[in-house]
Amino acid sequence: QAKSDGRNDYHFFAPNLSAGVLEKLKLEAALRGACSRNELILHYQPQIDLNTRHLQGVEALVRWLHPGLGMTSPADFIPLAEDIGIIGEIGNWVLREACRQMHQWRRDGLHIPQVAVNLSVQQLERENLVTQVREALRDFDIPAQCLELEVTESLIMRAPEKTLSALQELKSLGVKLAVDDFGIGYSCLSYLKRLPLDRIKIDQSFVRDVGRDTNDETIVRAIIGLGKSLGLETVAEGIEEARQVSFLLREGCLSGQGYLFGMPLPAEDLITQWREQIPGQGNRLH
Ligand code: C2E
Ligand code: MG
Ligand code: MG
Ligand code: MG
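Along each chain, residues carry numbers from 1 onward, in the same order as the chain's sequence is written. Each chain takes a letter, starting from A, and each ligand takes a number, starting from 1, following the order in which they are written. Confidence filtering applies because this is a predicted model: local features only for residues at pLDDT of at least 70, side-chain atom pairs given and counted only at 80 or more, and all residues used for totals across whole chains, interfaces and linings. Note: side-chain values were computed over all heavy atoms of the structure, leaving out hydrogens and water.

Chemist: How should I be thinking about helix H11 (residues 242-251) in this particular structure?
Modeler: For H11, every residue scored as buried is listed here: Gln244, Val245, Phe247, Leu248 and Glu251. In an axial view of H11, the angular spread of the buried residues amounts to 165°, which keeps them on one side of the axis. Should any heavy atoms of two residues lie within 4.5 Å, those residues are considered in contact. Put simply, DSSP H or I for four residues or longer makes a helix, DSSP E for two residues or longer makes a strand, and each gets a number counted from the N terminus. Buried-residue contacts for H11 involve helix H9 (204-207), helix H10 (214-230) and strand E8 (233-236). One or two residues past the end of H11 sits glycine 252, with phi positive at roughly 100°. Throughout this description, buried means an accessible area under 20% of the type-specific maximum (1.4 Å probe, protein chains only), exposed means over 50%, and partly exposed covers the range between. Arc, as used here, means the arc of the directions from the helix axis to the C-beta atoms.

Below, the structure is given as structure tokens:
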């Protein structure tokens, strides 16, 4: 029991250890085991040729099926995984699972041109990422150009030279590189010409109000123009309305993803929903 003079209070939780902090500690503990308990899954969101509406590829997005909380968003647990230093493990799982799934699709005769995987900064800084990517491609027999790696603009902006050279090394494996969430980092753009990039993904915060907000339209137009002049493809994120598509096509952005075309889905559901679009045996089977 607590003594009233307070000298023995050390075995009680400090008042600032609020319920929120305890919840966070529990969540951390649970997240540490999530990978080994097979609680992570990937959903795949279609990336579309805006002209033909054909499937260009898919982006792999991780989800955590927490036993109590249900499906947890990567926006919540990826930052936590970075904090507690386990993003390397999770990131490598994502990479290998995406390659395994691509292998299975190819084996089933389903031609998905490419899969995109999101990278966290710590994967580039700490882990032997180049080796991990090379091994994943080799183990699942995936041609390098079928894998795209997405790094956020804010990651690239803060990255030291060593990290940037890891990107160069990755590129030399033959994989594609995309800048994710482009436009919100807003400062120095010189990295765009120093890095061997393939695509820039226009952040959904700008795409959202195309058709409503001329400032956002101006920004999107500028990003597309920037991409063009640097020889980079642009991909619009978060497309929800048809008028966004017409604007993007008019301005010369030819690829996109968003709820208008398809939500991120488990692998089987993606195939069921997109079967007509996927060349290969799978087409003839149904
Ligand atoms: P992101 O890579 O920019 O992915 C796009 C996010 O926008 C996804 O959220 C996707 O579900 C959502 N989205 C797609 N279309 C629409 C739309 O039309 N409207 C709206 N409002 N949202 C749309 P999600 O899956 O919750 O992922 C959030 C972020 O978590 C991702 O943003 C990415 O930065 C990160 N993330 C996801 N998977 C991984 C991973 O395996 N590794 C790392 N390091 N980060 C990941
Ligand atoms: Mg992404
Ligand atoms: Mg994004
Ligand atoms: Mg994002």
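Here the narrative resumes, following the displayed structure.
Chemist: Just to check I follow, could you spell out the side chain of glutamate 148 for this structure?
Modeler: Secondary-structure assignment places glutamate 148 in strand E5 (residues 147-152). By relative accessible area, glutamate 148 is classed as buried at 0%. The residues touching glutamate 148, leaving out its near neighbours within four places in the chain, are Gln47, Gln114, Val115, Ala116, Val117, Lys176, Ala178 and Arg199.

Chemist: Looking at this structure, how should I read the coordination of the magnesium ion (ligand 3)?
Modeler: For a metal with four donors in a tetrahedral arrangement, the ideal angle between donors is 109.5 degrees, while six donors in an octahedron ideally sit at 90 or 180 degrees. Only nitrogen, oxygen and sulfur atoms qualify as donors, provided they sit within 2.8 Å of the metal or within 3.2 Å for Na, K and Ca; with water excluded from the atoms, sites may seem incomplete. Looking at the magnesium ion (ligand 3), one finds its protein donor set to be Asp180 (OD), Asp181 (OD), Glu237 (OE) and Glu237 (OE), positioned 2.0 to 2.3 Å from the metal centre. Of note, the donors binding the magnesium ion (ligand 3) are all from one chain and are spaced D-D-x55-E. The metal-metal distance between the magnesium ion (ligand 3) and the magnesium ion (ligand 2) comes to 4.2 Å, with aspartate 180 coordinating both. Here aspartate 180 is found in strand E6 (residues 176-182), whereas its partner glutamate 237 is found in the loop between E8 and H11, with 57 residues between them in sequence.

Chemist: For this particular structure, what's the right way to read the pattern of salt bridges?
Modeler: When their charged atoms lie close together, side chains carrying opposite charge are able to pair. What counts as a salt bridge is simple: a side-chain nitrogen of Lys or Arg found within 4 Å of a carboxyl oxygen of Asp or Glu. Overall, the coordinates contain 17 salt bridges when judged by the stated rule. If you follow the salt bridges from partner to partner, you end up with Asp209, Arg212, Glu241 and Arg243 in one network.

Chemist: Would you mind showing me how to read the environment of glutamate 237 here?
Modeler: Note on glutamate 237: relative accessible area 8%, which makes it buried. C-alpha separation for the pair glutamate 237 and valine 207, spaced 30 residues apart in sequence, amounts to 6.8 Å. Residues within four places of glutamate 237 in sequence aside, it is in contact with Asp180, Asp181, Lys201, Ile202, Asp203, Gln204, Val207 and Gln257.

Chemist: Quick question: what am I supposed to make of the site of ligand 1 here?
Modeler: Proximity is defined per residue: any heavy atom of the residue falling within 4 Å of a molecule or strand makes that residue near it. Neighbouring ligand 1 are 23 residues; Gln45, Arg63, Asp180, Glu240 and Tyr259 lie closest to it. Valine 62 places a main-chain nitrogen or oxygen 3.2 Å from a nitrogen atom of ligand 1. The protein chains shown are the only cover counted for residues, whose accessible areas, like all others here, come from Shrake-Rupley with a 1.4 Å probe. Protein coverage of the free-state accessible area of ligand 1, which is 800 Å², stands at 84%. In the cavity and pocket records, a cavity denotes points on a 1 Å grid over the protein atoms alone where a 1.4 Å probe fits but cannot get out, a pocket denotes an open set with protein on both sides within 12 Å along at least 5 of 7 lines, and lining residues are residues with an atom within 4 Å of a point. For a cavity or pocket, the test is whether more than half of a molecule's atoms lie within 2 Å of its grid points; if they do, the molecule sits there. When each cavity is represented as a set of grid points, ligand 1 is found to reside in the largest pocket. Of all the secondary structure elements, the ones that give two or more residues to the shell around ligand 1 are strand E2 (55-66), helix H2 (74-83) and E6. At 4 residues, the largest contribution of residues to the shell around ligand 1 is made by E2. Per-class residue counts for the shell around ligand 1 are 9 nonpolar, 7 polar and 7 charged. Any N or O atom pair separated by 3.5 Å or less is treated as a polar contact, with the protein-specific requirement of one donor-capable and one acceptor-capable atom, and with residues adjacent in sequence counted only for side-chain atom pairs. Put simply, Ala, Val, Leu, Ile, Met, Phe, Trp, Tyr, Cys and Pro go in the nonpolar bin, Asp, Glu, Lys and Arg in the charged bin, and everything else, Gly too, in the polar bin.

Chemist: Could you clarify how one ought to interpret the packing of aromatic side chains in this entry?
Modeler: Aromatic ring pairs: the centre-centre distance and the angle between the two ring planes describe each pair. Only Phe, Tyr and Trp rings take part, Trp by its six-membered ring, and two of them pair if their centres are within 6.5 Å. Stacked means planes under 30 degrees apart, edge-to-face means over 60, and tilted covers everything else. For the coordinates displayed, the defined rule picks out 2 aromatic pairs. Aromatic pair tyrosine 44 and tryptophan 105: ring centres 5.1 Å apart, planes at 70°, arrangement edge-to-face. With tyrosine 44 in strand E1 (residues 40-49) and tryptophan 105 in helix H3 (residues 87-107), the pair connects residues that are 61 residues apart, well separated along the chain. For tyrosine 44, a relative accessible area of 1% translates into the label buried. In this structure tryptophan 105 comes out as buried when scored by relative accessible area, which is 3%.

Chemist: Please explain the environment of aspartate 213 as it appears in this structure.
Modeler: In this fold, aspartate 213 is placed in the loop between H9 and H10. For aspartate 213, a relative accessible area of 26% corresponds to the partly exposed category. Engagement of the side chain of aspartate 213 in a polar contact is seen with the backbone nitrogen of asparagine 215, the distance being 2.7 Å.

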